[in-house]
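Structural features, examined
If you want the building blocks of each chain, they are given just below.
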Amino acid sequence: MNALPVFEAAARHSSFAKAGAELNVSHSVISQHIRNLEQWLGTELFVRHGNRVELSDEGRNLLPQIASGLQTLTDACETVLRKTQAGTVVVSAEPAFASLWLRKRITEFCELFPRVEIDLRPAWTPAQLGDGHADMIIHFETRIPKRGVERDNLFPIDGYPAATPEVRDALRLVGSAIDWQRAELVHDNGKETWHKWYAAHEPKSEGWRKGRIHSDLSLAIDAAVDGEGVILADDILCQREISSGQLVRLDDRSVRCIWYQIAIPRGTSKSAALSFFRDWLVGQTQDLRE
């Protein structure tokens, strides 16, 4: 039975390594489970091509039934959990993330599991973890405590230049090129991220030094929407502004800004509600990590 979800993950990713990352086990553990399942069934389920794998004919025949069976088990367990899972989880989260992404997901979670209460507390400086403080921190990877915690990646932020259509048109050179020497920038919490973008794509320019600094991303987004300059936007936290056309992408070049991570206490008893909410969030963001 342990080998079946391993098989489904490896088949979905066409990779033992990615399956191991999803299931938090090593590549060798994945390989051993697959070998055991193949021996038990008496047939090869994967064709190996060096570091890459693909399903054999027998594997392709087996996958839909295994995936369907695992989903049936998951649905059955969640039906029970919605009735029995209870408790309060105190979450300390980076303010922009809390406002732009997490709040809506908490609403979805609580509709599914109404006996679990999520106490969301936005904070630029993460709260302490433990009794009387926060049960969970969700913040930039650089602000998560380095000791005494269990970490999980949620998703990365890949920033690209964006502004209002009016600002874009004012900065255009011949064709679609942008005059980066004249661009007024919108910064959130320092100039480091724009500095990183310029270093990667406009290394001869000192343009990253220009522009106003805002205390967090929410204020920076509002400033960009109001036409104050060019922001490093992304497709996750800025999804509403990009999809509505309030902000438009100015340049195809992007830069990895930061990872958001979850942290919960290590080595202490954890409530079932805390572990369940953590696992739910990690599952919700799986596609964003790939």
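Just so you know, these numbers come straight off a predicted model, no measurement behind them. (Residues numbered from 1 in each chain as written. Predicted model: local features only at pLDDT ≥ 70, side-chain atom pairs only at ≥ 80, totals over all residues. Heavy atoms only, no water.)

1. Here's the deal with the side chain of Ser-92
Test applied: Only DSSP runs of H or I reaching four residues or more are called helices, and only runs of E reaching two or more are called strands; each is numbered from the N terminus. Contact criterion: two residues are considered in contact whenever any of their non-hydrogen atoms come within 4.5 Å of each other.
Checked against the element boundaries, Ser-92 lands in strand E3 (residues 87-93). Residues in contact with Ser-92, not counting those within four places in the same chain, are Arg-121, Ala-123, Pro-126, Ala-127, Ala-134, Met-136, Ile-137 and Ile-138.

2. Some remarks on the layout of surface pockets
What counts, and what does not: Definitions used throughout: a 1 Å grid over protein atoms alone; a cavity as a set of points that fits a 1.4 Å probe which cannot get out; a pocket as an open set with protein on both sides within 12 Å along at least five of seven lines; a lining residue as one with an atom within 4 Å of a point. Grid points are joined across faces, edges and corners, and a volume is the space filled by probe spheres set on the points.
Its boundaries defined by the atoms lining it, the largest pocket holds a volume of some 1400 Å³. Forming the walls of the largest pocket are 31 residues, and the residues nearest its centre are Glu-22, Leu-23, Asp-279, Gly-283 and Gln-286. Where the lining of the largest pocket is concerned, the elements lending two or more residues are helix H1 (3-13), helix H2 (16-23), helix H4 (57-84), strand E6 (149-163), helix H10 (272-284) and helix H11 (286-289). The element contributing the most residues to the lining of the largest pocket is H4, with nine residues.

3. Overview of the pattern of salt bridges
For clarity, the threshold we go by: Should a side-chain nitrogen of Lys or Arg be within 4 Å of a carboxyl oxygen of Asp or Glu, the pair is scored as a salt bridge. Relative accessibility under 20% of the residue-type maximum defines a buried residue, over 50% an exposed one, and the middle range a partly exposed one, all with a 1.4 Å probe and only protein chains included.
Following the criterion strictly, the structure yields 16 salt bridges and no others. One salt bridge in this structure joins Asp-169 and Arg-168, with 3.1 Å as the shortest N-O distance. What makes Asp-169 partly exposed here is its relative accessible area of 42%. Through salt bridges with shared partners, a single ionic network connects Glu-150, Asp-152, Arg-278 and Asp-279.

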